[in-house]
Amino acid sequence: METKGKISILTPAYNAAKTIARCVESIQHQTYTDWELLIVDDGSKDDTLSICRQLALEDDRIKVFHVENGGVSKARNFVLARATGAYMTCVDSDDWVEPNMLEILLSYMQGDIQMVCANFYYEKRGKTGIGYISKSPVYKSEIDAYPLCVLIPDSLTYFNGITLPIDIAGAACGKLYKMDVIRRYNIQYPEKVALREDAFLNIQCFIHSVNMVIVNSPLYHYVIDNSSSNFRFRPDVHIQNQAFYDCYSQILPMLKDEYREIFMNCVSYSAYYSLINNFIGHKMHQLGFAGRIKLLNSYLNKYSIYHLTKTDNRFLPLYKRFEMFCLGHRWGFMLLLIQLFRHYIKR
């Protein structure tokens, strides 16, 4: 196949001994062969590093690095700085991709397109699902509410009439970026942020790209693991939420005026959602219900990052409007009841 430029594939790996070989094999089976795979072992405590080094001995397109554990964003930035390709994509170590993923993503990188987003397969408990996109292809001019969508997907449906799952908009995986945009604007993953760090890079690439496209082709198998950091008990979550809030505040000047207040409300809601799911409402928390109400109220009253401004939330479904209404009034009792109900219906 004729080359259209090298694609740099970034793969951070932490304790991925059981899945990294499957991930790498899916990349080696790509129909588009001009790629480099940069694997960074993020201080794994299992056999991840030795497995990766063996894979690199068998394929000179694979480069393996080892760093002390510093989190996925720091690991991605480490290999991003060493990437030599004209394009960049990410594949997580526990996921795998379709054999034609690179070929199809690259086929859309034409004209002024500088960012391509594709659909996902969701792999959970042995079952495969797929995200729903109401229109394909979708171009940048059709989705000016994209920065809101990476936090709350209902916003894109309301403002632009297009339905898009949050992972397709916000996750780094299943995408192809022109490296020129990333280098020119010095775009990186935020290393102090453990919440929606992928989305931060995507918003910047969206803003700075001349054009981008979202396509309905499912090319990436995204494994949902309830033991991942997204679901982990995190007593330090407020520190992470503050870093998340400060980081996303930097995007505000880049947004259209009519979206700025709504965007920060979405940021505050995401911070609250992390607080209640990863700490106060987590099943590993030792406090009883009354103690959790008191703790939640103390956070809501003390820290402004959880405060909402009065703005139009009609783009949200009714249940989420009610939840944000309770958050705006700092009703800890009702918010914990909502969280308990959410966990109940997800069983």
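Residues numbered from 1 in each chain as written. Predicted model: local features only at pLDDT ≥ 70, side-chain atom pairs only at ≥ 80, totals over all residues. Heavy atoms only, no water.

## Quick notes on the side chain of Ser44
Inspection of the secondary structure assignment puts Ser44 in the loop between β2 (35–42) and α2 (48–58). Within the structure, Ser44 has its side chain in polar contact with the backbone oxygen of Ala13 (distance 3.4 Å). The residues touching Ser44, leaving out its near neighbours within four places in the chain, are Ala13, Tyr14 and Asn15. (Helix = DSSP H or I, 4+ residues; strand = E, 2+ residues; numbered from the N terminus. Polar contact = N/O pair within 3.5 Å; in protein donor to acceptor, adjacent residues only side chain to side chain. Contact = heavy atoms within 4.5 Å.)

## A closer look at unusual backbone geometry
Following Ser136, the chain continues to Pro137 via a peptide bond in cis, the omega torsion being -5 degrees. Here Pro137 lies in the loop between β7 (127–130) and β8 (138–139). Unusually for a residue other than glycine, Asn186 sits at a positive phi of about 50 degrees. Note on placement: Asn186 falls in the loop between α8 (179–184) and α9 (197–208). Asn186 gets classed as exposed once you look at its relative accessible area, which sits at 59%. Its identity as a non-glycine residue notwithstanding, Arg330 has a phi of 60 degrees, on the positive side. Topologically, Arg330 is positioned in the loop between α13 (318–328) and α14 (332–346). (Buried < 20%, exposed > 50% of the residue type's maximum accessible area, 1.4 Å probe, protein only.)

## Structural notes on the nonpolar core
One finds Tyr146, Ile214, Tyr248 and Phe263 to be the most contacted residues of the largest nonpolar core, which totals 117 residues. Ranked by the residues each element gives to this core, the list is headed by helix α11 (residues 257–280), at 13 residues. Those residues in contact with Tyr146 that lie beyond four places of it in its chain are Met115, Cys117, Leu156, Ala169, Lys175, Asn202, Phe206, Met212 and Ile214. (Core = buried A, V, L, I, M, F, W, Y, C linked by side-chain atoms within 4.5 Å.)

## Thoughts on the packing of aromatic side chains
Scanning the model with the defined rule gives 18 aromatic pairs in all. Ring plane angle 70 degrees and centroid distance 6.1 Å describe the contact between Tyr122 and Tyr222, whose orientation is recorded as edge-to-face. Of this pair, Tyr122 sits in strand β6 (residues 113–124) while Tyr222 sits in strand β10 (residues 211–223), and the two are 100 residues apart along the sequence. The pair Tyr122 / Tyr222 is uniform in exposure class, with both members buried. Through pairs of rings, three or more aromatic residues link up here, namely Phe120, Tyr122, Tyr220 and Tyr222. For the cation-ring pair, Arg82 lies above Phe78, with the distance from its terminal atom to the ring centre recorded as 3.6 Å. (Phe/Tyr/Trp six-rings, centres within 6.5 Å; stacked < 30°, edge-to-face > 60°. Lys NZ or Arg CZ within 6 Å of the ring centre and 35° of its normal.)

## Observations concerning the pattern of salt bridges
Scanning all chains against the criterion turns up 11 salt bridges. The residue Glu142 makes a salt bridge to Lys135 at a minimum N-O spacing of 2.2 Å. Linking Asp257 and Arg260 is a salt bridge whose minimum nitrogen-to-oxygen distance equals 3.5 Å. Of this pair, Asp257 and Arg260 are both found in helix α11, 3 residues apart, which corresponds to roughly one turn of the helix. When salt bridges that share partners are traced, they join Arg76, Asp92 and Asp198 into one network. (Salt bridge = Lys/Arg side-chain N within 4 Å of Asp/Glu carboxyl O.)

## Overview of the packing of α11 against helix α12 (residues 289–302)
One can describe the packing of α11 onto α12 by two numbers: an axis separation of 12 Å at closest approach and a directional angle of 150 degrees. In this view, α11 runs roughly antiparallel relative to α12, as classed from their interaxial angle. Every pair of crossing elements has a handedness; the one defined by α11 and α12 is right-handed. Every residue of α12 that contacts α11 at Tyr272, Leu275, Ile276, Phe279 and Ile280 is listed here: Arg292, Leu295, Leu296, Tyr299 and Leu300. Grouping the amino acids of the contact of α11 with α12 by side-chain chemistry returns 9 nonpolar, no polar and 1 charged. (Axes fitted to C-alpha atoms, helices over the stretch in contact; angles between N-to-C directions. Parallel < 35°, antiparallel > 145°, perpendicular 65-115°, else oblique. Left-handed = near helix turned anticlockwise from the far one by under 90°. Nonpolar A, V, L, I, M, F, W, Y, C, P; charged D, E, K, R; others polar.)

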